[in-house]
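Report on the structure
For reference, the chains in residue letters:
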Amino acid sequence: MTTSHSKRSRRTFFLQGGAALGAGVAASGGAAALIVERTMPANDALAELQQRLVLLEDREAIRQLHLTFTQLIEAQQYEAAAELFNETAQLQLSGVNAQGRSGIRQALAVQYRDQQADVLHNAYRHSAVQKNDSLTVSDDGQYASATFHVEAELCAPLRGDFTLAQMARLQGCAADRRWEAGRFKVECVRTQGQWKIASLSYQSA
Amino acid sequence: MAQRHYRPLQMHRIAYTDLTETQMTQLLRPAANGPSSRSVVSNALAGKRIKIVTDGGPILEYAFRNGRELELSENGGKTIKAKYGALESRSLVLISHMIPGTQRGYTLTVDQRTGLATAFEVFFSGYAAIETAAAAEAKRPPQFKMGRRNREAQRKIWFGYVDSDGAPTARHTFTNRLEGKGIHWRQDNDIEILEFYLSIIYSNMIELTRFGGEMTTCAPSDYIMVNDHQFIYSRIECEFAGTFTLQLIDLFDMTQKGVRLGLNEKDELEYYLYTGQGEVVGQIASFEAFGNNAETRGARRVYRPLETFETMSDAEVKDQALNHAHSFGDGKGSGAAGMAGYKSEVVTRFAGKQLSIRMDNGPAIDYDFVDGKKLKWRYAGDGHWREAWYEMYEPDEELYFFAHFLDAEFPRSCAMVALDMKNGLSTLLKGATGTPFRNNETHPTYYFGTFQTEGAPTPPTYLRHGWTDEMVGECVTWNYQRGNPGLSSMHFYATPSTYSWIIFQPDGSGGMQWSSPGWYSKLRDGVYIMAWVEEACNGTLGVICFNQRLMHDAGFGFHVGSRGLSLSVIGARARHAGKFNIKQYLGLKA
């Protein structure tokens, strides 16, 4: 019979990702997680597999949560992006810092939509070091922490009320654009059965 | 030269009626008779039935009873009867009709050879709903300051094919293959027009017949490639009459087959087909990366400056001038923000010196340059000196250009002064607040004359700096701010009295545009002063002294708004984009 200790040790493990943003986190870890000891009694094996399946689902949900965040930022759907955070969440995004979901909503509305921030995240793409992504889920399945490597397009907004700047901003032009390698540090909590972002910070590589 | 009809008001000054939906229905009713045409219309589809299948759009089943009458079922619905008109351009058939009893209709391009089709669903009284939805998505207030714009045509573009044996995979596509081209058109209805396709979502027109050829105006446009030499070009005169124009352009034989639908400034319906013969007047450069053919062009934005331009009372403008006037950082220097990212080194050559400018039939001003930032000035004959901040630049050797506020009278004004030390000549551009249309627009007054100072040559008796048309047709890009890509635009110096600016999109393609009156004077060979006022827009007076050898300018901006009266620096780097050969179409009637 599997001890509770062995159950906890199987729920907490370090995963190495693949090509897509976090996709490898699901793929390679999933394959390893499905291996079951042949000598285990059937009932224990079934319970083991069920635990691992739940873990896989959690990891995929967290990966999708993070993907959704990046997609919403790219699509400039900032209000929807704010809803991915829990009530007490923290956000640090290249100089845009906010506390609490309402604070994050406000920060994205003012700093991003109104282009008040000095630097805006405009787009993301795969990173060459994606294989170093990691995702850890707590024993009780209520908390998770992850590191997602990414390349981010950072833009400096155009400033000024003169006509040229107004028109250029309307067209999505920026004063400066550059790509850089970085990583997201993400903490998630399960709230009412749903994963929410509790903390998200971006760091340049 | 065709007829030219000068107008007391150009398009941007006409107060187009904000018509109600009911009024639009009434005024569009005659459109049910189909478009008129000076040229013989096509019978190519008479007796035929075609079913047009569009991607994500309507399925249109047509039965063309003859060359003027059709029946249409949209998406399998009730069949309606309508009158239409058609023109052919090689294998293409342009068809236009309205749906009786409605404010909508279709303009179709059907290729009888390939079976491909593009449908423009054109409708009126649609702006309010579209703008409300767009504003909600963008989390901004809807733009209804200028009314509901029911008169402004709206369009949905559907790419598709004529249903026959199997569905083709090819489609007509958006394109940038016309970008940079200018064409002079002479139409069968005696309309003469210059069109310039300097963007992938906008275009310029110089209405030679309708508006006398004085100004260029801009309109949001669509460009669709049918094949290598045939294109669909359409525009809607947004912010003006709201008229819809669509034409098939054939670059092999330089013909156009088009349709015009809308209400003119007298609210009279114009709905007609036209043919035209054209001549390419030039092709300028475009700035997208190679391989970018604009097939996946994004949404077409419309620039609506009247929505954001504030209207101030005379008292409000006076308050700003008295209490919130700022120039050149109020002595700290103008910095390199805004449009001054590439400004030259400030010149202090006249610090500690005096000079006087003497304008022919204009003011004479005495100057005492206290130092490199502050000067004292007075109108000649006045006993009282006034102080002002100034900045001076040297756009060409021994040619100086400086500016300062003039605060001796209302309306408040500024002086932008060119001093030509080689010729003893001076040009004064006095910018002042207020026009007959808005108190917070600005307007320039040009003066040509001479100046006197220690070391200046004896000026000529008769020769002066003066007006020029040498820049007409030129296109120049201006890079105002460092960065990737920084802040850039393109100028099109379209006529001796106007210019247009084109804002590049993030991928380098031409984007939104606006145009304004402009004035061009020549100081030396290759050195010009170009001035513009952003009328019906920001109201700003911009003046640049452009040295074509350096491809650099030195200039100033004069603006009044709720944030104050300002005098700022312009400094940008230029690249030549090309030149249109159009002078022969412009100018006074013989």
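The numbers attached to residues start from 1 for each chain and follow its sequence in the written order. Chains and ligands are labelled sequentially in the order written, the chains with letters from A and the ligands with numbers from 1. pLDDT decides what is reported in this predicted model: residues at 70 or higher carry local features, side-chain atom pairs at 80 or more are listed and counted, and totals for whole chains, interfaces and linings draw on all residues regardless. Computation of side-chain values: all heavy atoms of the structure, hydrogens and water removed.

**Section: the pairing of strand 20 (residues 354–359) of chain B**
Residue and element names in this part refer to chain B. Bridge analysis of strand 20 against strand 21 (residues 364–369) gives 5 bridges, and the strand direction is antiparallel. Its bridge partner lying in strand 21, Q354 is registered against D368. Any two strands with at least two DSSP-identified bridges between them are counted as paired. Here a helix means four or more residues in a row that DSSP labels H or I, a strand means two or more in a row labelled E, and each is numbered from the N terminus. With 5 bridges joining them, strand 20 and strand 28 (residues 442–453) adopt antiparallel strand pairing. Across the sheet, residue R358 finds its bridge partner in strand 28, namely T450.

**Examining the pairing of strand 37 (residues 564–570) of chain B**
Residues and elements named next belong to chain B. Throughout this description, buried means an accessible area under 20% of the type-specific maximum (1.4 Å probe, protein chains only), exposed means over 50%, and partly exposed covers the range between. Counting buried residues along strand 37, 5 of its 7 residues qualify, which places the element largely inside the surrounding structure. With 3 bridges connecting them, strand 19 (residues 325–327) and strand 37 associate as parallel partners. For H326, the partnering residue across the bridge sits in strand 37 and is S566. Direction of pairing for strand 36 (residues 552–561) relative to strand 37: antiparallel, over a ladder of 7 bridges. Each residue of the ladder has a partner; that of H559, found in strand 37, is S566. Hairpin geometry of strand 36 and strand 37 is characterised by an intervening segment of 2 residues between the two adjacent antiparallel strands.

**Overview of the environment of R149 of chain B**
All names here are of chain B. In this structure, R149 sits in the loop between helix 2 (127–138) and strand 9 (154–162). Of the residues examined, R149 reaches a relative accessible area of 6% and is grouped as buried. The spacing of R149 and C238 is 89 residues in sequence and 8.9 Å in space, taken between C-alpha atoms. Those residues in contact with R149 that sit more than four places away from it in its chain are D18, Y127, Q143, E239, R304 and E307. A distance of 3.0 Å separates a polar atom in the side chain of R149 from a polar atom in the side chain of E239. For this analysis, residues touch if any pair of their heavy atoms sits within 4.5 Å. We define a polar contact as two N or O atoms separated by no more than 3.5 Å, with the added condition that, inside protein, one atom must be a possible hydrogen donor and the other a possible acceptor, whereas residues neighbouring each other in sequence contribute only through side-chain atom pairs.

**Concerning helix 4 (residues 314–323) of chain B**
Residue and element names in this part refer to chain B. When we look at burial in helix 4, the residues that qualify are V317, Q320 and A321. Each buried residue of helix 4 sits inside an arc of 100 degrees when the element is viewed along its axis, so together they form one side. Turned more than 90 degrees away from the buried face of helix 4, the exposed residues are A315 and L322. Buried residues in helix 4 make contact with strand 19, strand 27 (425–433), strand 36 and strand 37. In this description, the arc belongs to the directions extending from the helix axis to the C-beta atoms.

**Considerations on the nonpolar core**
Throughout, nonpolar core names a set of buried Ala, Val, Leu, Ile, Met, Phe, Trp, Tyr and Cys residues whose side chains join them through atoms within 4.5 Å. Core analysis: the largest hydrophobic core is formed by 44 residues, its most contacted members being W478, Y480, Y493, W514 and M530 of chain B. Every element with two or more residues in this core is listed here: helix 6 (163–170) of chain A together with strand 30 (474–481), strand 31 (487–495), strand 32 (498–504), strand 33 (510–524), strand 34 (527–533) and strand 35 (541–547) of chain B. A total of 4 residues in this core trace back to one element, the largest contributor, which is helix 6 of chain A. Membership of the second largest hydrophobic core comes to 38 residues, among which are I62, Y78, C188 and W195 of chain A.

**Notes on the side chain of H172 of chain B**
All names here are of chain B. Here H172 is to be found in the loop between strand 9 and strand 10 (173–174). There is a polar contact of 2.6 Å between the side chain of H172 and the side chain of T118. The contacts of H172, once residues within four sequence positions are left out, are T109, D111, L116, A117, T118, F159, I224, M225, V226 and I232.

**Digging into the interface of chain A and chain B**
Contacts between the two partners involve 19 residues from chain A and, on the opposite side, 29 residues from chain B. Summed over both partners, buried area is the accessible surface (1.4 Å probe) that two parts give up on being assembled. Buried area between chain A and chain B, summed over both chains or domains, comes out near 1,900 Å², and the portion from carbon and sulfur atoms is 61%. Taken as a group, L164, M167 and Q171 of chain A account for 36% of the area that chain A buries against chain B, more than any other trio of residues on that side. Definition used for salt bridges: Asp or Glu carboxyl oxygen within 4 Å of a side-chain nitrogen of Lys or Arg. Inspection of the chain A/chain B interface yields 1 salt bridge. Of the charged contacts in the structure, one is a salt bridge between R563 of chain B and D161 of chain A, with a shortest N-O distance of 2.3 Å. For the interface between chain A and chain B, the tally reads 8 residue pairs in polar contact (both at pLDDT 80 or more). Every element with two or more residues in the side of chain A that touches chain B is listed here: helix 6 and strand 6 (176–191) of chain A. If one sorts the elements of the side of chain A that touches chain B by residue count, helix 6 of chain A sits on top with 7 residues. When the residues that make up the side of chain A that touches chain B are grouped by side-chain class, the tally is 10 nonpolar, 4 polar and 5 charged. Under the scheme applied here, ten amino acids are nonpolar (Ala, Val, Leu, Ile, Met, Phe, Trp, Tyr, Cys and Pro), four are charged (Asp, Glu, Lys and Arg), and all others, including Gly, are polar.

All quantities given are derived from atomic positions and should not be read as evidence of function.
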